[in-house]
Structure formats: structure tokens, C-alpha cells
Amino acid sequence: MKTFILFGASGDLARQKLYAALFELYAEESDFRRIGFARTEMTNAEFREIVKESVEAYVAKPDSKKLEKFLQTWEYVSGSYDSNGIAQLAQCCIVGEVFYYLSIPSGLELIQGVVNGLAKNNLINDGSSIVLEKPFGFDFGSAKKINLFVQKHFKETQIYRIDHYLAKDLVQDMLALRFANPIFEPIWNGKYIEKIDIDIKEDEGIRSRGQYYDKAGAIKDMIQNHALQLLAFSTMDKPASLSAKSIHEGKNAILKRIKLWSESAAEAISIGQYDGYKNEPYVSPDSDTETLASIKVRIDSPKWRTVPVTITSGKKMDKKTTDITIHFKKNSKNIWEGRGCEVQNNIIHINVQPDNDIRLKLNSEYDASDKCAYPTELRFGFRDNKMLLKEPYENALRDLFAHDQSIFINSKEILLSWKFIDGVLEKIKPLRKKMLKKY
Ligand code: BG6
């Protein structure tokens, strides 16, 4: 029997994502003991009510019998996030394969409290795995400390750092698109690609997360992790295999070569703040935190050096959408020139959300009257049937239970991303007020 222990069992992430994902996986993972752990005192029955409400809110029409059975697999333990609190868990006779999921406010102190508590109560052994949520540190230094501390107690192969963007279906589909179709591989480089855009836009503001967000901003909240991961995933070389090791090596090779497109911060970076941000709860009235950022980078390798990659992420934009757009160069020898018609670039457009599709723009129409080439679009709506679309947390948890780390992030990736982001933030520090545009 396996055991899943969720720290932060009454928190938002658990309620909005994890219970629903665990319920969806229940058929595959029924032989599981599940324990929720949090500070609030509650009976098993009260806690199961929370799980039930979450599943009913976030799963479309859950089967009531299945839900009842699922609820019976949950127990609840309350305690503080330290060795005294975790001593309560030790009394639950946990044996065998155990997954500790830390869905708690991040930061070294709380992680230390839980991990030291587990260690002191002899709850860590070769069969244990630990899952850590973002933000993984607030800069290079703090991320390094967290890595070193967790690695004292768990081997790297037992540590699962989640970036839920990597677990989105359309991001995973890129592995197939790029590496199962030999027609794309030879042209996936600066000889054929003109530029790449990665856009993560959200229509909502920061909701009630001002306390965290005002210290973080768009660059730390979205670009350091999700956007850089999308960039690394879209440009990494073909991995030697689909193993976690090969995929991590592929992404690492990109992350260590990311540089700003131009030395001048003002040319390579732009930042903005949405109207009304300063009135959000817990936000400082004179805050200069960015809620929108756009960074133009290059990957400093022979294959990519000439290709500008623009990463943009913002809150309160016109709509919620995540897109990766690969713009190919035009024909070097343009036989259509002088006909008064412009042949357009080929484009591969991956809509990670909300349309969940891949579009390929080709010039495939030849008009006999004006003798011009016109574009058409091939659309691959792999996930048009929403029932086939998996929630990222479901994908991540399935891989966790199979001990497959390929869609999780390793310690080096975290440090390389922070190293780049620390440099960016250092550059804009003296110019921040001037650079920040209202939108
Ligand atoms: C989180 C950020 O990591 O991702 C949030 O902290 C953001 O600020 C969220 O809203 C977006 O995730 P998704 O899956 O809804 O696009």
C-alpha cells in the first residue's frame, strides 16, 4: 500500500486543484491511504466534507458512489508544521512508499519545520518522496538554501518540484510535435526560425494575493518559472531519451545560455502595472511592483544565437491565454517578388490554453488570377473534447506516483533560472520607477 500525505490540506491549492486531481486518478490509484495534515483542528468527517465540496466544485459530474469510496480513503491529522506537530503523524503507523506533498506557503522556514519534523520522527526513508510547490525561493540565494536543506534529507531522485505549466497537455504535446515528426527537427533552429514569442496573459488581477504578489511581481511569479520552462521546453535539443535525466539535461543546456537580447535594460525589458493595482488588498499604496513584464532574450548557442525570444506575462490583460509562437523565416529566394503580393511567414502557434490547439500557417493557396501565394491554416485540435483534456495537477500526480520526474524540475534548473532572473531584476532596479508604465 502507498500513502499520500498532504500538508496544507485546508489550503486553496488543495481545495481548488489537488482533491479534484486525486479523485480523477482514483480509478488508477485506488490502493492508497490518504492523509490530510494542517493546523486547523477537525474531525475526519469534517475534513472529508472539505474534500467532497472540492471534488463537487471542480470535477464535472463526479460519480457519487465513487466519491463516497474515495472520501473513505482520507484521514485527517492536525498539528503544527514542526516536529511536535508531525509526531502526530508518526502515530499513524506509516509504512512503505510515502508521498509527502507540501502544499504550504513556501519559504525555507516552513519547509524546514516539516522536513526536520519528518526526519526527527523517522518518517523519511528510501521509499519516501517529497513534492515542493512554487515559489521555490525568492532569489538564487534562497533557492540554493532550500535545495541544500532538502537534499540533506532526500536524494534528488526523491524530490519533485512542481511547475504546473510543464504538466499542461499542450506543453507535453510539444514533445510529440517536435520529436515524433522528423520534418520539424531539421528546421527547429536559427537558420529557419526568425523569432519566438512566449505569451502568458491573464485577465484576472491578483485577487486576494497582495501580500505575496506585491513582493514578487510578474517576473518572479510567472517568468522565473513558467515562462522560462516553456522557453526551455520549446527550444531544447532532442533529448537522448524520454527519461527525466535526458529532459532535464536538455532544458539545463538552454537555461544556462539565456541572456538578455541587449545589454540595455530599457531596450530588452519593459514593465507595467495595471490601473487600480495599488488599491488591491495588502498592496502598498506606492508600490512599484510590475504586474506585466516583457523580456527579450537570446539563447547564446550557435543554433539559437540569432533568434530573439520575447517572453511576456501579465495580469489584467484582455483575455487569459498562453501561447508559444514560432515564426519561421521567409523564403530566401522569393519568386513572388514584384507581383504586388506579399508571401507570409510560416508560423507554428501552440495555444496552451484556452483553445488547446496547434496551428500551422502555410502558404498553400495559389491564386490563378493574380498568381500570388496565400496563407491557410492547418489546425490540430487534439484536445477539442474537454473530457480528454487533463488538468495539469492530474498529469503531475500521475507521474509522481509512477516516480517519473520528467515533468518536474531539477535543482539545477531552479538555480539557473534564478541566476538569470536575479540579473534582470538587478538591471531594472535603478530604473524601475521610470520604466513602469500604467496600462
Ligand atoms: C501561478 C501564479 O503559478 O500560476 C499565479 O502564481 C497565476 O499568479 C497562475 O495566476 C496561473 O496558472 P494557470 O494554470 O491558471 O494559467
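All values reported here derive from a predicted model rather than from experimental measurement. (Residues numbered from 1 in each chain as written. Predicted model: local features only at pLDDT ≥ 70, side-chain atom pairs only at ≥ 80, totals over all residues.)

A. Quick look at the overall build of the protein. Across its full length, the protein carries 13 helices and 16 strands. Compactness check: the protein gives a C-alpha radius of gyration of 24 Å against a globular reference of 22 Å for 439 residues, within 12% of the reference. Its C-alpha atoms put the protein at 80 × 50 × 40 Å along the principal axes. (Helix = DSSP H or I, 4+ residues; strand = E, 2+ residues; numbered from the N terminus. Rg over C-alpha atoms; globule rule 2.2 N^0.38 Å.)

B. Representation of helix α5 (residues 108–120) in the model. Here α5 is 13 residues long and its end C-alpha atoms lie 17 Å apart, about the 18 Å a rise of 1.5 Å per residue gives. Within α5, burial applies to Ile111, Gly113, Val114, Val115, Gly117 and Leu118. Against β1 (2–7), α4 (83–90), β4 (97–102) and α6 (140–153) lie the buried residues of α5. Note on α5: the residue one or two positions beyond its end, asparagine 122, has a positive phi of about 55°. (Expected span 1.5 Å × (residues − 1). Buried ≥ 20, exposed ≤ 12 C-beta atoms within 10 Å, placed from the backbone. Contact = placed C-beta atoms within 7 Å.)

C. Representation of the site of the ligand in the model. Surrounding the ligand, one finds Lys134, His164, Glu202 and Asp221. Split by residue class, the shell around the ligand holds no nonpolar, 1 polar and 3 charged. (Near = placed C-beta within 6 Å. Nonpolar A, V, L, I, M, F, W, Y, C, P; charged D, E, K, R; others polar.)

D. Looking closely at the pairing of strand β11 (residues 309–314). Burial of β11 is extensive: 5 of the 6 residues sit out of reach of the surface. Alignment of strand β7 (residues 193–201) against β11, held across 6 bridges, turns out to be parallel. Following the sheet pairing, isoleucine 196 is matched in β11 by valine 309. Looking at chain direction, strand β10 (residues 292–299) and β11 are connected through 6 bridges and run antiparallel. When the bridges of β11 are listed, valine 297 appears paired with valine 309. (Pairing = 2+ DSSP bridges.)

E. Molecular detail of the pairing of strand β14 (residues 357–367). Sheet topology places strand β13 (residues 347–353) next to β14; 5 bridges connect them, and they run antiparallel. Along β14, the bridge assignment pairs asparagine 351 with aspartate 357. Count of turn residues in the β13/β14 antiparallel hairpin: 3 residues, of which asparagine 356 carries a positive phi of about 55°. Two strands pair when backbone bridges link them, and β14 and strand β15 (residues 372–380) are joined in this way by 9 bridges, in the antiparallel orientation.

F. Fine view of the nonpolar core. Core analysis: the largest hydrophobic core is formed by 106 residues, its most contacted members being Ile5, Phe7, Tyr100, Leu102, Val131 and Ile223. By residue number, the principal contributor to this core is helix α8 (residues 210–235), which donates 10 residues. Structurally, this core is a two-domain feature, drawing no fewer than three residues from each of domain 1 (2–133) and domain 2 (166–438). (Core = buried A, V, L, I, M, F, W, Y, C linked by C-beta atoms within 7 Å. Domains from an automatic or database assignment.)

G. Quick peek at the sheet that holds β1. Taken in spatial order, the 6 strands make up an open sheet running β3-β2-β1-β4-β5-β6, and their pairing is parallel. Of all the strands in the sheet, just β3 (74–78) and β6 (159–161) have a single pairing partner and so form its edges. Strand-to-strand twist across the sheet, computed as the mean angle between neighbouring axes with direction ignored, equals 20°. Pairing analysis gives 6 bridges linking β1 to strand β2 (residues 32–38), with the strands arranged parallel. What sits directly across from isoleucine 5, in β2, is isoleucine 35. (Axes fitted to C-alpha atoms, helices over the stretch in contact; angles between N-to-C directions.)

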